[in-house]
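Each chain, letter by letter, is given below.
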Amino acid sequence: MSFLLNAWYVAAFSHEVRPGTPFSRALLGRPVVLYRDAEQRAIALDDRCAHRFAPLSQGRVVDGVLECPYHGLRFGASGQCVHNPHGDGRVPAGAKVRTYPALERYGAIWFWPGDPLRADEALLPSFPFVDPATHVTHDGYLHTRAHYQLSADNLLDLSHFQFLHPDTLGSEAIARGDVQSGNLGDIVWVRRSAYDEALQPFVAQGFGIPPGTRVDRWMDVRWTPPGLLSIVIGVTAAGMPREAGLIAPSAHWLTPETERTTHYFFAFGLPKEMGEAAHELVRYAVDGLMKPFECEDLPMLEAQQRNLGDNDFWAMQPALLPIDAGAIRARRVMERLIAAERAAGEVPARTIPITPVAGASRAVA
Amino acid sequence: MSFLLNAWYVAAFSHEVRPGTPFSRALLGRPVVLYRDAEQRAIALDDRCAHRFAPLSQGRVVDGVLECPYHGLRFGASGQCVHNPHGDGRVPAGAKVRTYPALERYGAIWFWPGDPLRADEALLPSFPFVDPATHVTHDGYLHTRAHYQLSADNLLDLSHFQFLHPDTLGSEAIARGDVQSGNLGDIVWVRRSAYDEALQPFVAQGFGIPPGTRVDRWMDVRWTPPGLLSIVIGVTAAGMPREAGLIAPSAHWLTPETERTTHYFFAFGLPKEMGEAAHELVRYAVDGLMKPFECEDLPMLEAQQRNLGDNDFWAMQPALLPIDAGAIRARRVMERLIAAERAAGEVPARTIPITPVAGASRAVA
Amino acid sequence: MSFLLNAWYVAAFSHEVRPGTPFSRALLGRPVVLYRDAEQRAIALDDRCAHRFAPLSQGRVVDGVLECPYHGLRFGASGQCVHNPHGDGRVPAGAKVRTYPALERYGAIWFWPGDPLRADEALLPSFPFVDPATHVTHDGYLHTRAHYQLSADNLLDLSHFQFLHPDTLGSEAIARGDVQSGNLGDIVWVRRSAYDEALQPFVAQGFGIPPGTRVDRWMDVRWTPPGLLSIVIGVTAAGMPREAGLIAPSAHWLTPETERTTHYFFAFGLPKEMGEAAHELVRYAVDGLMKPFECEDLPMLEAQQRNLGDNDFWAMQPALLPIDAGAIRARRVMERLIAAERAAGEVPARTIPITPVAGASRAVA
């Protein structure tokens, strides 16, 4: 497993982890259980009892700690067994499960699989437009049987809109447009512009643009390791300045389930001041995008993975095109960070083989 | 494969192998065919023709020998080809399939995967309460996608009744009770007692105990390598001597299908002198237990196996509790016996990968 | 992978590759796409875009070249990218997919996975009776989860008719008959004769023979590497010369999908001069054979493969019978040719793991 360990990953949307009900998800090749303690704080533990490896997620939350469904041992936020119901009730010192730093932000529960001492909240990139304190949000989830970097490629090169999503997101103006990219430290940005474009009805309607109107459209993508993207789509009347246009920001968070499968979380948010319109628009965006994401991107990503097989991406000698510049920048950042982590002797915790979830599933707030 | 080879294993219940019909089952990673010869003796052979590896179990029993479905070669109890229908009918000396010592006892067909010269009937542990000559019996079968030793753990530590089977078998009195264990040579025994217990209706009714009666319950488990257990549950009015109580003995036989899947055979028996009541009670026990076994134990065992993955049990550093003493004793005996067998140069026959049977199946007499 | 590379293999029946529609099939462990160019010539390429490994077979045929469904790159018969729709449209020199020599003959599209310089049409064996220019043909396809050499064994030793197909193709006369085999260079022939046979109704009716007639039947099998067989079944009244009889020729072409799965193509053909009767008879043969092939041969081949597992055929020490002579000759030829190819340093192209197609499928013209 060659994952970046010292990084924040999304483990679940906040609404997926309900009070009193443990939630299980495989993350970076590990079974993880999420639950809320007595203060409703999100706790992340290995989903594997220290005693006989039973999945703690099938147990109960009792007084803010997790009770194993097999023999009733209980584990708290520190991972230490805090209750042995049998005999004299003594608890062996070794009865401890691994715990992960976790925090809740932007409508999601984040976890840190690496060194807990380095888990600094300040390292979390900013996604203010999906902060539920100030914004109305809506989100979607897709399970993808493909390496998370293939999804990052997809989001960092939106030229595929024209070919993979010709009926919803793309148009012939995209190939005619221009694209730039760069690094800001470990951040990668890609800025794509299309000019004098006739939008597909799905996009036009989302922006409230009358059919047939010619527009300029820009798509600003920001990627932060390990796979945290924001995409801002902007539209203005053709030839008009950007300031006269409208924007739709969204978050796209990639968390590897295994080396070959990925949890894809995405969310749209608009300011609460927009009122009911914000509610309608974020729902419109998520619900409308789910179809091309699920029926066009997902099969493509999975077909790529099948064609990649066990081979290393670079060993396949992919042809490099100018449109790939941003995606290649991101791959290079990840390769550098992972290599540095390995050189520093970071050792991943013992992992177990995860059988990927069958079929694609979907969770919408 | 790290199986103990010089040992008796249950291959099938007697009623599963009907006259004239070959029966196929994977045992210890090998495909085995069972059939009855002209004298109705159970014969166990590799389920793989010596000629082109066709499954003999798909052929016919002809004159007490097995005919291959592909080219009609016939094989007898010795494993030697006894008939070649083609050309001059000569049989090459090498046309021989492996045969296994087999015997029929306690309503089951047993086979010996190791050195045939060491297959001594006297090594079979005693299960007199399921001897069909003297007892009325009923049996059940479950296919489990977990290592057989996880099932042995389960049966040797019945403290899980309280947590995994709270509605049928367990109660809060169990954790309050006491437990002892020990070795008698290679045999491991565990004796658990619960005092002043209010039984769940399923158990109380089986013993004919009026609702609400307080009882003392004891559970005596005897384990013999490689995974042959008897469990005697006894109940008496709270504070009364055991001699005044009732007992229900049962047999539990674990046969590995592969390193990660297990055939679980279990049976209840009561003396024929009990008449119709014995019939009713053994059916009541098997039919009633099938639900917690299938819906509670089986998913737990399979979840443990998924969490164990390819890792060695000890490499996972399981926390050890006093309740585990018996199960650990049995693991230690198995480890010692397998190591001794390997040291003695026992070489398992060439095995082939077995695709475990899909789904759990069930066979009840 | 131990395939013979410098050889013609059937990739598809001609009718499977329709104008304008790419066709995908895994061949020798590789994903291959077949399509027809502007002149309707069959083109065979790796089904994996040079850019990001997308399956080209999910794209469109545009002006006789294949357009990738993901980013719109186009690839022609040479494998070279001929169109990049993005930016300045320049095409990197390395944007090239592997192409395979292909030709169309005998109602099938053939491809050559080895050195293109050695792909000589003259190396294709002759199957004149399924030449669509002169013959009426009908064909069938089965996907088999077994090594292709197990299928060759099956076709080279028709003694199995008597045991595996007793109700359609076999009779007790076959074991009583005689069989000869030999080599002609790399070609292997097997000639089997049965005398004074009462044919099963399916065979008798196909030859127009009244029920109960005693016949002599001969079955001439010719095998050419890598797995291209013709089988001519002939029938004459018992004791009459062959010249007085009727024959039914058929082609049987085996193409490995993976080391453990095989594409089985078969076809019957009769001269166009026979008119409507030819149409009826070739349909009768294919449709009638599909049932024993699918319900009897296919499960047997797949069971053999399961019993063979990862083991080498010879390591399993199969008993050798006189009926095996032809099949063993063919195995020896293949072993010699593959060893020679390896000794000559032939290096297979990078392959990727193919997930075999689920279930058996069937394509009939």
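Residues numbered from 1 in each chain as written. Chains lettered and ligands numbered in written order. Predicted model: local features only at pLDDT ≥ 70, side-chain atom pairs only at ≥ 80, totals over all residues. Heavy atoms only, no water.

Under an unreviewed UniProt entry, the name given to chain A is Vanillate O-demethylase monooxygenase subunit, and the organism recorded is Paraburkholderia bryophila.

Colleague: Could you give me a rundown of the packing of aromatic side chains, with the residues and numbers involved?
Modeller: Residue and element names in this part refer to chain C. Enumeration over the complete set of coordinates arrives at 46 aromatic pairs over all chains. Look at Phe127 and Phe129: their rings are 6.3 Å apart centre to centre, the planes differ by 80 degrees, and that puts the pair in the edge-to-face class. Here the aromatic rings of Phe313 and Trp314 are separated by 5.0 Å at their centres, their planes lie at 80 degrees, and the arrangement is edge-to-face. Take Trp314: its relative accessible area is 23%, and that puts it in the partly exposed class. (Phe/Tyr/Trp six-rings, centres within 6.5 Å; stacked < 30°, edge-to-face > 60°. Buried < 20%, exposed > 50% of the residue type's maximum accessible area, 1.4 Å probe, protein only.)

Colleague: How would you sum up the sheet that holds strand E2 (residues 23-27) of chain A? Please name residues and give values.
Modeller: Residue and element names in this part refer to chain A. The 4 strands are arranged E2-E3-E4-E9 in an open sheet whose pairing can be described as antiparallel. Pairing within the sheet leaves two strands with one partner each, and these edge strands are E2 and strand E9 (99-100). Pairing geometry for strand E4 (residues 42-46) and E9, over 2 bridges, is antiparallel. Looking at E9, one finds that Ala44 is bridged to Tyr100. (Pairing = 2+ DSSP bridges. Helix = DSSP H or I, 4+ residues; strand = E, 2+ residues; numbered from the N terminus.)

Colleague: Tell me about the domain arrangement of chain A, and name the residues and values.
Modeller: All names here are of chain A. Entries for chain A in the domain assignment read domain 1 (9-123) and domain 2 (128-343). Inter-centroid distance (C-alpha atoms) of domain 1 to domain 2 is 32 Å. Each partner contributes residues to the interface: domain 1 has 16 residues there, and domain 2 has 18 residues. Together domain 1 and domain 2 conceal approximately 1400 Å² of surface at their shared face, both sides included; 70% is due to carbon and sulfur atoms. Interface area lost by domain 1 to domain 2 is led by Tyr9, Phe13 and Tyr106, which between them contribute 46%. Counting across the domain 1 and domain 2 interface gives 0 salt bridges. At the surface where domain 1 touches domain 2, the tally comes to 6 residue pairs in polar contact (both at pLDDT 80 or more). Counting only elements with at least two residues in the side of domain 1 that touches domain 2, the list comes to strand E1 (9-13), E2 and strand E11 (108-111). No other element matches the 5 residues that E1 contributes to the side of domain 1 that touches domain 2. (Domains from an automatic or database assignment. Contact = heavy atoms within 4.5 Å. Buried area = accessible area lost by both parts, 1.4 Å probe. Salt bridge = Lys/Arg side-chain N within 4 Å of Asp/Glu carboxyl O. Polar contact = N/O pair within 3.5 Å; in protein donor to acceptor, adjacent residues only side chain to side chain.)

Colleague: Explain the pattern of salt bridges to me, using residue names and the numbers behind them.
Modeller: Enumeration over the complete set of coordinates arrives at 54 salt bridges over all chains. Glu335 of chain A is the partner of Arg332 of chain A in a salt bridge, and the nearest nitrogen-oxygen pair spans 3.0 Å. Residue Arg332 of chain A and its partner Glu335 of chain A are both found in helix H6 (residues 325-343); the two are separated by 3 residues, about one turn of the helix. A relative accessible area of 44% means that Arg332 of chain A is categorised as partly exposed. Here Glu335 of chain A falls in the partly exposed class, since its relative accessible area comes to 31%. Across the salt bridge formed by Arg90 of chain B and Asp88 of chain B, the nearest N and O atoms sit 2.9 Å from each other. Under the relative-accessibility criterion, Asp88 of chain B is labelled exposed at 53%. Sharing partners across several salt bridges, the network here consists of Arg52 of chain A together with Asp153, Asp324 and Arg331 of chain B.

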